[in-house]
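This is what each chain is made of:
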Amino acid sequence: MSTRDVPTQIGDLPPIGRPANSALLEAGITTLAQVAARSRRELLAMHGVGPKAVRILEGALEERGLAFVE
């Protein structure tokens with residue numbers, strides 16, 4: 001899937017960039033609750049998900065009282 005074809009925002013996820021969105025979609029992740037079921041390490045291991053995307057996701061999780069699995 002080309003990142004051109006990936007939406008800029010998916011589900012209730014904050015805007016994190018098309019490469020990161022593409023990686024999350026490939027993993028079947030479309031909600032913050034699904035992100036919270038993963039660890040930072042798991043997310044960073046996905047091609048396209050970098051430290052900036054993880055920081056943005058972490059902020060969104062914290063706003064909802066959620067956190068990454070450690």
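On a predicted model such as this, the values are computed, not experimentally measured, just so you know.

1. Overview of the environment of glutamate 26
In step 1: Within the element layout of this structure, glutamate 26 appears in helix 1 (residues 18-26).
In step 2: When the C-alpha atoms of glutamate 26 and methionine 46 are compared, they prove to be 9.5 Å apart, with 20 residues separating the residues in sequence.

2. Regarding the side chain of serine 39
In step 1: Inspection of the secondary structure puts serine 39 in the loop between helix 2 (32-36) and helix 3 (40-44).
In step 2: Looking at serine 39, the relative accessible area reads 14%, which means it is buried.
In step 3: Setting aside residues no more than four positions away along its own chain, serine 39 makes contact with Phe68 and Val69.

What counts, and at which threshold
Residues numbered from 1 in each chain as written. Predicted model: local features only at pLDDT ≥ 70, side-chain atom pairs only at ≥ 80, totals over all residues. Heavy atoms only, no water. Helix = DSSP H or I, 4+ residues; strand = E, 2+ residues; numbered from the N terminus. Buried < 20%, exposed > 50% of the residue type's maximum accessible area, 1.4 Å probe, protein only. Contact = heavy atoms within 4.5 Å.

Everything listed here is a matter of coordinates, which is why it stays silent on function.
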